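Inside the fold
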Amino acid sequence: MAAMVITITSGKGGVGKTTATANLGVALALLGKRVVVVDSDIGLRNLDVAMGLENRIVYDIVDVTEGYCRLRQALIRDKRVSELYLLPAAQTRDKTAVSPEDMVRLCDQMRDDFNFVLIDSPAGIEQGFRNAIAPADEVLIVTTPEVPAVRDADRIIGLIEAEEKGPASLIINRLKPEMVRYGNMLTTADVIEILAIDLIGIIPEDEAIIVSMNKGIPIALDDANRASLAFHNIARRLLGEEVPFLDIREMPNLIERFVRFIRQG
Amino acid sequence: MRILDWLFGQRRPSSREIAKERLQLVLAYDRVKISPQLLETLKDELIAVISRHVEIDREGVEVTFTRVKSRSRLIADIPLLGARGQRK
């Protein structure tokens, strides 16, 4: 089957890596792909709760790499979707419990059985990040349209290029159309211009994502939500489909356009 | 306020524009791994080297960054007072 290994990373914490990993996993599985999502944030495990699978963990990634169980025993099947599995991180260990070589070996073991291996990277640029990108065929960088997040994304882009894992693609998360419209948020075009990388998705800010995280039901399972649609579009782009970006109404309104027109004279 | 700004021809930069400008500057430093302190050192050494050959206005020297098409450039603006040897 020859899986594609995709690492989701960001540099800065709290921008939505775990949410993106969970939802892309669901979206790809709903498209009929065999998917495993891997939590590589050892010591700060969270992908399990994002997926609502926290009560079903028996073994974790470190149990597998240290040989206490077989990979198959540690994989948790998400029963809501046909072929979606979670490999949870260990909670009582730290990043040094797994090496980049372990990650490469682990992912190679999964390549034959899955179409996609999605790795949720920890924040930061230390060993956890190195572990997460070591096996990657593709890297997705998540950022929000805010100065610290974009700055950290730029740093990560540099590190990924240095590791020859690039070019990475960008997911802009939590875009607020209203704020963009009033000139109070960086636009998609601004972020792309600054980072000079390809865009693969724009996720609008949506309170429904917080609700879905509260319940442990990834938003991608809801087919009537815009953020969900945005994740499904990314999944389709990963499969090579050309999907137009959602119209998030970044255009200035009529009065602003008129004012600009007058000023430009 | 927008209308007043417009009437008086003033235009305050939006927070978006401020964010973009700040990011571009901070990334220019990040990308070339040059700190403001290093920039000062560069400036001092440039002054020392150049003033060995030509007379310059030391106070007017400026060493800054700019970015053109996502490439960082180091710009040194060094006002000359007049080359040595040309004056009698």
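Because the structure is predicted, anything quoted here is derived from the model rather than measured. (Residues numbered from 1 in each chain as written. Chains lettered and ligands numbered in written order. Predicted model: local features only at pLDDT ≥ 70, side-chain atom pairs only at ≥ 80, totals over all residues.)

As for the overall build of chain A
When its secondary structure is counted, chain A shows 12 helices and eight strands. Here chain A has a C-alpha radius of gyration of 19 Å; the compact-globule value for 265 residues is 18 Å, and the two agree. Each of the three principal axes of chain A carries a C-alpha extent, and together these read 70 × 40 × 30 Å. Out of the 265 residues belonging to chain A, those deemed buried represent 47%. (Helix = DSSP H or I, 4+ residues; strand = E, 2+ residues; numbered from the N terminus. Rg over C-alpha atoms; globule rule 2.2 N^0.38 Å. Buried ≥ 20, exposed ≤ 12 C-beta atoms within 10 Å, placed from the backbone.)

Comments concerning the overall build of chain B
When helices and strands are counted, chain B shows three helices and four strands. When the elements of chain B are put in sequence order from the N terminus, they spell out α-α-α-β-β-β-β.

Observations regarding the sheet that holds strand S3 (residues 76-77) of chain A
Residue and element names in this part refer to chain A. Sheet architecture is open: eight strands sit in the order S3-S4-S2-S5-S1-S6-S7-S8, paired in mixed fashion. Each edge of the open sheet is held by one strand with a lone partner, namely S3 and strand S8 (198-204). Strand direction decides the pairing type here: strand S7 (residues 169-175) and S8, joined by five bridges, are parallel. By the bridge assignment, Leu170 is partnered in S8 with Leu199. (Pairing = 2+ DSSP bridges.)

Digging into the interface of chain B and chain A
Taken together, the 13 residues of chain B in the interface contact 13 residues of chain A. Looking at which element gives the most residues to the side of chain B that touches chain A, the answer is helix H2 (residues 15-32) of chain B, with 10 residues. Along the lines of polarity and charge, the residues of the side of chain B that touches chain A split into five nonpolar, four polar and four charged. (Contact = placed C-beta atoms within 7 Å. Nonpolar A, V, L, I, M, F, W, Y, C, P; charged D, E, K, R; others polar.)

Comments concerning unusual backbone geometry
All names here are of chain A. In this chain, Gly166 is followed by Pro167 through a cis amide linkage whose omega measures -5°. For Pro167, the position within the fold is in the loop between helix H7 (147-162) and S7. At Glu164, a position not held by glycine, the phi torsion is positive, near 55°. Note that Glu164 resides in the loop between H7 and S7.

Let's talk about the pairing of strand S2 (residues 35-39) of chain A
All names here are of chain A. The buried count for S2 comes to five of five residues, which makes it a mostly enclosed element. A two-sided burial pattern is seen for S2, the buried positions comprising Val35, Val37 and Asp39 on one face and Val36 and Val38 on the other. Judged from the five bridges that link them, S2 and strand S5 (residues 116-120) form a sheet pairing that is parallel. For Val37, the partnering residue across the bridge sits in S5 and is Leu118.

Structural notes on the nonpolar core
Residue and element names in this part refer to chain A. Core analysis: the biggest nonpolar cluster contains 83 residues, and Ile61, Val117, Leu118 and Ile141 have the highest contact counts within it. Looking at which element gives the most residues to this core, the answer is helix H1 (residues 17-30), with seven residues. In contact with Ile141, not counting residues within four places along its chain, are Thr9, Ser10, Ala153, Ile156, Ile157, Ala168, Leu170 and Ile171. (Core = buried A, V, L, I, M, F, W, Y, C linked by C-beta atoms within 7 Å.)

Some words on the pairing of S7(A)
Residue and element names in this part refer to chain A. The buried count for S7 comes to six of seven residues, which makes it a mostly enclosed element. Relative to S7, strand S6 (residues 138-143) runs parallel, the two sharing four bridges. Pairing of Ile141 across the sheet is with Leu170, part of S7. Considered for its hand, the β-α-β crossover made up of S6, H7 and S7 is right-handed. (Right-handed = clockwise from strand over helix to strand, strands pointing away.)

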